[in-house]
Amino acid sequence: DSSTFYPHRTFKVILAGDAAVGKTTFIERICHGHFTPNLSSTIGVDFRVKTIELDGKCVALQLWDTAGQERFRSLTKSYFRRADGVILMYDVSNERTFANIRNWIHNVEEGAGRKVPIVLSGNKVDLREDGCPPQGLCVSHSDGEKLAMQCGAIFVETSPKTGHNVFEALLMLAKEMSQVE
Ligand code: GDP
Ligand code: MG
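- Named according to an unreviewed UniProt entry, the protein is EF-hand domain-containing protein originating from Orchesella dallaii.

## What to know about helix 6 (residues 166-178)
No. 1: Compared with an ideal rise of 1.5 Å per residue, which puts 13 residues at 18 Å, helix 6 spans 19 Å between its outermost C-alpha atoms and is within 8% of the ideal.
No. 2: Along helix 6, the residues that are buried comprise Val166, Ala169, Leu170, Leu173, Ala174 and Met177. For helix 6, the buried positions fall inside an angular range of 135° around the axis, keeping them on one side.

## Some points on the site of ligand 1
No. 1: As a matter of local geometry, ligand 1 sits amid 18 residues, with Ala20, Lys23, Thr24, Thr25 and Asp126 nearest to it.
No. 2: At a separation of 3.3 Å, an oxygen atom of ligand 1 approaches a polar backbone atom of Val21.
No. 3: Coverage of ligand 1 by the protein amounts to 84% of the 580 Å² it exposes when considered alone.
No. 4: Mapped by element, the contributors of at least two residues to the shell around ligand 1 are helix 1 (23-32) and helix 4 (125-130).
No. 5: Broken down by element, the shell around ligand 1 gets its largest block of residues, 3 residues, from helix 1.
No. 6: Of the residues assigned to the shell around ligand 1, the class counts are 7 nonpolar, 5 polar and 6 charged.

## Side note on unusual backbone geometry
No. 1: Positive phi, close to 75°, is recorded for Ala20, a residue that is not glycine.
No. 2: Within the secondary structure, Ala20 is located in the loop between strand 1 (9-16) and helix 1.
No. 3: The exposure class of Ala20 is exposed, given its relative accessible area of 53%.
No. 4: Although it is not a glycine, Lys124 sits at a positive phi angle of roughly 60°.

## What about the pattern of salt bridges?
No. 1: Under the definition given, this model contains 4 salt bridges.
No. 2: Notably, a salt bridge pairs Arg96 with Asp18, separated by 3.8 Å at the nearest N-O pair. Highlighted residues: Arg96 in helix 2 (residues 95-99) and Asp18 in the loop between strand 1 and helix 1, separated in sequence by 78 residues.
No. 3: A relative accessible area of 53% means that Arg96 is categorised as exposed.

Rules used throughout
Residues numbered from 1 in each chain as written. Chains lettered and ligands numbered in written order. Predicted model: local features only at pLDDT ≥ 70, side-chain atom pairs only at ≥ 80, totals over all residues. Heavy atoms only, no water. Helix = DSSP H or I, 4+ residues; strand = E, 2+ residues; numbered from the N terminus. Expected span 1.5 Å × (residues − 1). Buried < 20%, exposed > 50% of the residue type's maximum accessible area, 1.4 Å probe, protein only. Arc of directions from axis to C-beta. Near = heavy atom within 4 Å. Polar contact = N/O pair within 3.5 Å; in protein donor to acceptor, adjacent residues only side chain to side chain. Areas by Shrake-Rupley, 256 points an atom, 1.4 Å probe, with all protein chains shown as cover. Nonpolar A, V, L, I, M, F, W, Y, C, P; charged D, E, K, R; others polar. Salt bridge = Lys/Arg side-chain N within 4 Å of Asp/Glu carboxyl O.

So this is what it looks like as structure tokens:
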């Protein structure tokens, strides 16, 4: 029946986190299914749409990306106002991006003005498995999990390079968003 193809609901999902943590690559992996190294940060698309099946119904996910504004801290809190959910990302091989997560959560909550489902994604987990350069300085799974618990976020480690947990992360967020009235 046609309801399988026509979106039952549409959710606005914002990808957030420091520059170069892998947000654009994550969206590329979701929408094309392969790894795209060295993307230009000048790609100015607002969002891509991914439709998925959730509980037998088709839902559309708008995946909002930034064209590098996060680099200049010019992402205003109002950017999050109409978000249904946020994928908040850090790079497991870069502790500074992990240290900034609390600021990002603050901005999301202030900007949205309500509780928004957040998936905290420890990204580029392939680098930790390979042994981070310099070795031993990667953010551990348990540190990521602990922070997510403190912030009321869902935790997942991902890698758009290998595809590890990329679709799963999106599905976890979709399930959470579908439970919000
Ligand atoms: P953004 O600024 O957050 O959008 O980050 P990008 O998607 O532009 O990625 C920044 C850099 O990290 C690029 O060189 C990507 O190829 C690389 N990258 C992204 N995801 C992964 C990953 O899962 N593993 C590895 N090793 N590199 C990645
Ligand atoms: Mg980007």
